[in-house]
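Topology and contacts: notes
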Amino acid sequence: MGRFVLAAVAAVLASPAAQAQINSTDLKWGPAPPGLPAGAQLAVLSGDPGKEGMFTIRIKFPAGFTVQPHHHPADELVTVIEGDFALGMGDTFDRERMTLLKPGGYAVAAKTMNHYVTSTGGGVVQITSHGPFAIVYVNPKDDPRTKK
């Protein structure tokens, strides 16, 4: 038993310190998933949001960007990287109940907790969650995937 534990500890110590190392200038931006409104861009920092497991992404959004009430099947850990980002919790979009987060601001949206977001000036947020990524709108008519 002791040898097994020692071998396991040695294997962990021998592994690289970081599995993903990237500078923000090296991010590869592309269109955000179709479940988000047009105009957003996404960059993957680690993991694969389309598969089972932990992932970290950044989402860049333009001024005036809004996502109507929705939830995800896993907790979302959100850090504001740049710009402004307002977050509200609940089933109905209500600007008066939103909290404005600035760069360095942090929020957690627990799995299945309905929330909504907007940005007056645009910005970038970093999200860590567990995949596969999915977005479920409270009101299906708000889902950009159903609009033609």
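Residues numbered from 1 in each chain as written. Predicted model: local features only at pLDDT ≥ 70, side-chain atom pairs only at ≥ 80, totals over all residues. Heavy atoms only, no water.

Right, let's talk about the overall build of the protein chain for a bit. Helix and strand counts for the protein chain come out as 1 helix and 11 strands. In the protein chain, the order of α-helices and β-strands from amino to carboxyl end is α-β-β-β-β-β-β-β-β-β-β-β. The burial tally for the protein chain puts 38% of its 148 residues in the buried class. Carbon and sulfur atoms make up 58% of the accessible area of the protein chain, which totals about 8900 Å². (Helix = DSSP H or I, 4+ residues; strand = E, 2+ residues; numbered from the N terminus. Buried < 20%, exposed > 50% of the residue type's maximum accessible area, 1.4 Å probe, protein only. Areas by Shrake-Rupley, 256 points an atom, 1.4 Å probe, with all protein chains shown as cover.)

Here the focus is the confidence of the model for the protein chain. Scored by pLDDT, the protein chain has a mean of 87; 86% of the residues are at 70 or more. Counted against residues more than four places away or in other chains, residues 1–18, with its pLDDT under 50, gives 0 contacts. (pLDDT = per-residue confidence, 0-100. Contact = heavy atoms within 4.5 Å.)

With that settled, the discussion passes to the nonpolar core. Among the nonpolar cores identified, the biggest contains 21 residues, and Ile-59, Val-67, Phe-85 and Val-125 are the most heavily contacted of them. Those elements that place two or more of their residues in this core are strand S3 (53–61), strand S5 (76–83), strand S6 (85–89) and strand S10 (123–131). No other element matches the 4 residues that S3 contributes to this core. Those residues within four positions of Val-125 in sequence are excluded, and the remaining contacts are Ile-57, Arg-58, Ile-59, Phe-61, Val-78, Thr-79, Val-80, Ile-81 and Phe-85. (Core = buried A, V, L, I, M, F, W, Y, C linked by side-chain atoms within 4.5 Å.)

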